Amino acid sequence: MNGSRIAAVGHYQPAKVLTNEDLAGLVDTSDEWIRSRVGIRTRHIAGPDEPVDELAAHAAAKALAAAGLTPGDIDLVLVATSTAVDRSPNMAARVAARLGIPSPAAMDVNVVCAGFTHALATADHAVRAGAARRALVIGADKMSDVTDWSDRTTCVLVGDGAGAAVVEASGEPGIGPVLWGSVPEMGHAVRIEGTPARFAQEGQSVYRWATTQLPPIARKACERAGLAPEDLAAVVLHQANLRIIEPLAMKIGAVNAVVARDVTDSGNTSAASIPLALSKLVERGEISTGDPVLLFGFGGNLSYAGQVVRCP
């Protein structure tokens, strides 16, 4: 085997839906104000009895079922999250315990909104190196836990959820080379800090960085996969804000691609946003097996990571 591929995906969102009208009862805002600035209509919010590892385990179980695998087939669990409450046991170990995965390597990856694409690259490297046979890669965040619900600039953005992918060895590479990096001196632009931890960001700085600096990086990720942007069947960017997603997708040049816009229904779910949006595209049949899809995460730490994958 000289490559790895995504065998299946799955996603999960809590049942509770928070609308823009609901938020207007909490802070000085309105449906028109929120839609015009970030494009979000609704978001899902987990309850106090729904921890991050539960969200992650639900998504992972769906991905396993879609792949026709059992927990015993997995030997590596990677969970991308920035909203874990406890330091140990880590989220990956908790998910493995919930699913009954015997003796896996279990690691958390905290690269905030770019976490899933970092974790996916790590799984690809591990499988191709022979360090793992099959990996569960999960992005899961409960942003509602780190949100100041009196701050209208941030509370309108966030949602909770999880998405997962099963990665396995493949004769032909189904996960392209990753292009990743960061701007650590601007890490203050997106933060989850303090006690209790709270999410804050410098919205205009993030917008300018994402729409001006990231398009050539995303195009280079396509180049590394041997594809032109116009060859892409879909583009799944971090679902931060519709006003970032649309101009970024346009500047990448993916003129023939379906552009994921799950942010309108789910809000910003941080590390969950890319696998959540990808899983929904697959579930709705908007992309087909083997289609080339650009995944591109960006955000906290002003980190980014992108790769072209083949649709499961």
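Right, let's walk through the structure included here. (Residues numbered from 1 in each chain as written. Predicted model: local features only at pLDDT ≥ 70, side-chain atom pairs only at ≥ 80, totals over all residues. Heavy atoms only, no water.)

### Here's the deal with the nonpolar core
Defined as follows: Throughout this description, the term nonpolar core refers to a set of buried Ala, Val, Leu, Ile, Met, Phe, Trp, Tyr and Cys residues connected via side-chain atoms within 4.5 Å. For every residue, the accessible area obtained with a 1.4 Å probe (protein chains only) is divided by the maximum for its type, and the residue is called buried under 20%, exposed over 50%, and partly exposed between those limits. Secondary structure elements follow DSSP: runs of H or I of four or more residues count as helices, runs of E of two or more count as strands, with numbering from the N terminus. Contacts are assigned to residue pairs that have any heavy atoms within 4.5 Å of one another.
In this structure, Trp209, Leu214, Leu232, Leu237, Leu294, Phe296 and Phe298 are the most contacted members of the largest nonpolar core, which totals 48 residues. Of all the elements in the fold, those that place two or more residues in this core are α2 (31-38), α7 (203-212), α8 (214-224), β11 (234-237), α9 (242-252), β13 (292-299) and β14 (303-310). Here the element with the most residues in this core is α9; it accounts for six residues. Those residues within four positions of Leu232 in sequence are excluded, and the remaining contacts are Cys222, Leu227, Ala254, Asn256, Ala257, Pro292, Val293, Leu294 and Val308. With 33 residues, the next largest nonpolar core counts Leu76, Leu120, Ile287 and Val309 among its residues.

### Things to note about the environment of Thr42
Under the convention used in this document: Identification of polar contacts relies on pairs of N or O atoms within 3.5 Å, with a donor-acceptor requirement for protein atoms, meaning one able to donate a hydrogen and the other able to accept it, and with residues adjacent in sequence counted only if both atoms are side-chain atoms.
Residue placement: Thr42 occurs in strand β3 (residues 42-44). Residues Thr42 and Arg243, spaced 201 residues apart in sequence, show a C-alpha to C-alpha distance of 16 Å. Discounting chain neighbours no more than four positions away, the residues touching Thr42 are Val17, Leu18, Thr19, Val263, Thr264, Asp265, Ser266 and Gly267. Here Asp265 takes part through its backbone oxygen, which lies 2.8 Å from a polar atom of the side chain of Thr42.

### Remarks on α8
As a reminder, the rule being used: By construction, the arc corresponds to the directions joining the helix axis to the C-beta atoms.
Buried within α8 we find Leu214, Pro215, Ile217, Ala218, Ala221 and Cys222. Across the axial projection of α8, the buried residues extend over an arc of 165°, all falling on one side. Positioned one or two residues after α8, Gly226 has a phi angle of 80°, which is positive.

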